[in-house]
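Observations on the model geometry
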Amino acid sequence: MYTPDKAQYTIFKVKEPAQLLDFIQTSLNGISRSKAKAILQGGGIRVDRKNITQYDYELRPGMTVEISKRKKGVQLVSKFVKLVYEDRHICVIEKNIGILSMATDHHQFCVKTVLDDYFHKSRQKCTAHVVHRLDRDTSGLLVYAKTIEAEQILEHNWRQIVTDRRYVALASGRMEQEAGTVKSWLKDNKAYFTYSSPIDNGGKYAVTHFRTLRTNDHYSLVELKLETGRKNQIRVHLQDLRHPVCGDIKYGNGDDPIGRLCLHAFRLDFHHPITGEPMHFETPMPKAFLSVFKEKFVKELEKNQQ
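Residues numbered from 1 in each chain as written. Predicted model: local features only at pLDDT ≥ 70, side-chain atom pairs only at ≥ 80, totals over all residues. Heavy atoms only, no water.

A tally of regular secondary structure across the protein chain gives eight helices and 17 strands. On C-alpha atoms alone, the protein chain measures out to a radius of gyration of 21 Å, which is about the 19 Å that the 2.2 N^0.38 rule sets for 306 residues. Here the C-alpha coordinates of the protein chain stretch approximately 60 × 45 × 35 Å along the principal axes. In the protein chain, buried positions account for 48% of the 306 residues. The contacts of the protein chain with a sequence gap of at least 6 include a subset with a gap of at least 24, amounting to 64%. By element, 50% of the accessible surface of the protein chain is carried by carbon and sulfur atoms, the whole surface being about 16100 Å². (Helix = DSSP H or I, 4+ residues; strand = E, 2+ residues; numbered from the N terminus. Rg over C-alpha atoms; globule rule 2.2 N^0.38 Å. Buried < 20%, exposed > 50% of the residue type's maximum accessible area, 1.4 Å probe, protein only. Contact = heavy atoms within 4.5 Å. Areas by Shrake-Rupley, 256 points an atom, 1.4 Å probe, with all protein chains shown as cover.)

This is the structure we're talking about:
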């Protein structure tokens, strides 16, 4: 378990440009790439006081790199949950598709049960407290509280504490706009289907900023930044743009090129609920999202459409 405590870190100054993984290997007397990656994946690296897990993070002269002195004990091993960062108050995880953030009446297996099992095996006297959620078939970053104090602070001050939440989506069709903003009121009907309205329909006001990263005649890779965090917000707002998320069986158009809901929460920035320290986390987008732009994929798709 890693804590944001300077006494537990060895501090290095960056003297020349380098990628983070290479810097760790060099700084720790040539340790193997696998060991350097394990330190990164375990949340043991901070750059300029921000936790970083990217192997290819670019370092510039003058930056400060802190490497945890703590040795790893029990590891969290799960095909559904990857531990990105942990201290005694919170943990940040990357969720895979196919698992709920928290249990429901009919489904007890969830991220919380995976974390609670890990805490038990690593002899930590805590449980995971849900702070926010991702849909079962959305992948990406989530923060869980490990104490009631941290949970209460995050829950009651979420909008002030979280400074940046971003997603990447593979959308159906060619996006006409390079960037823009979608604003609407979102309201569920009795069947729990979320409807969007340009005027106040008694629902919750939602704002999504978007930027097109890549596009072809069939698909668009879109970055989305949430100003509000409403239920199904991104999925409904991309539907409003007539470019729904690929693989979305509820709000989509049947376009399912890679066999999954193509939505991934890749960035999460917030102030630590206890220390107030700025925390920054990013995870790479799923490689499958990029596969639809490869020439071989496009040619095969166009052949099948003829």
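On we go.
In this section: unusual backbone geometry. Phi at Arg49 is positive, roughly 75°, even though this residue is not glycine. Considering the arrangement of structural elements, one finds Arg49 in the loop between strand 3 (45–47) and strand 4 (50–51). When its relative accessible area of 45% is taken as the criterion, Arg49 is described as partly exposed. Within the chain, Arg123 stands out as a residue other than glycine whose phi angle is a positive 60°. Within the secondary structure layout, Arg123 lies in the loop between helix 3 (111–121) and strand 9 (129–130). Look at Arg123 and you get exposed, because its relative accessible area is 78%.

It is worth spelling out the sheet that holds strand 6 (residues 64–68) at this point. Taken in spatial order, the four strands make up an open sheet running 1-6-3-4, and their pairing is antiparallel. The open sheet is flanked by strand 1 (9–13) and strand 4, the only strands paired with a single partner. Alignment of strand 3 against strand 4, held across two bridges, turns out to be antiparallel. By the bridge assignment for strand 4, Arg46 is matched with Asn51. (Pairing = 2+ DSSP bridges.)

Glancing now at the layout of surface pockets. Computed from the structure, the largest pocket encloses a volume of approximately 1500 Å³. The wall of the largest pocket is formed by 44 residues, among which Arg133, Gly229, Arg230, Lys231 and Asn232 lie closest to the centre. Of all the secondary structure elements, the ones that give two or more residues to the lining of the largest pocket are helix 5 (158–161), strand 11 (162–172), strand 12 (179–188), strand 15 (219–226) and helix 6 (233–240). It is strand 11 that contributes the most residues to the lining of the largest pocket, five residues altogether. (1 Å grid on protein atoms, 1.4 Å probe; cavity = no way out; pocket = protein on both sides within 12 Å on 5 of 7 lines; lining within 4 Å. Points joined across faces, edges and corners; volume = space filled by probe spheres on them.)

Core analysis: the biggest nonpolar cluster contains 44 residues, and Val81, Ile93, Leu115, Tyr144, Tyr167, Leu170 and Leu224 have the highest contact counts within it. Of all the secondary-structure elements, those providing two or more residues to this core are strand 7 (81–86), strand 8 (90–95), helix 3, strand 10 (139–145), strand 11, strand 15, helix 6 and strand 16 (263–271). Ignoring any residue separated from it by four or fewer positions in sequence, one finds Leu224 in contact with Arg165, Arg166, Tyr167, Ala169, Thr208, His209, Phe210, Ile234 and Leu238. (Core = buried A, V, L, I, M, F, W, Y, C linked by side-chain atoms within 4.5 Å.)

What follows concerns empty space enclosed by the protein. Under the definition given, this model contains one cavity of 30 Å³ or more. Volume-wise, the largest cavity comes out at about 40 Å³. Taken together, His132, Leu141, Arg165, Arg166, Tyr167, Ala265, Arg267 and Leu268 make up the full set of residues lining the largest cavity. Classifying every residue of the lining of the largest cavity by side-chain character gives four nonpolar, one polar and three charged. (Nonpolar A, V, L, I, M, F, W, Y, C, P; charged D, E, K, R; others polar.)

Any functional reading would require information that these geometric values do not contain.
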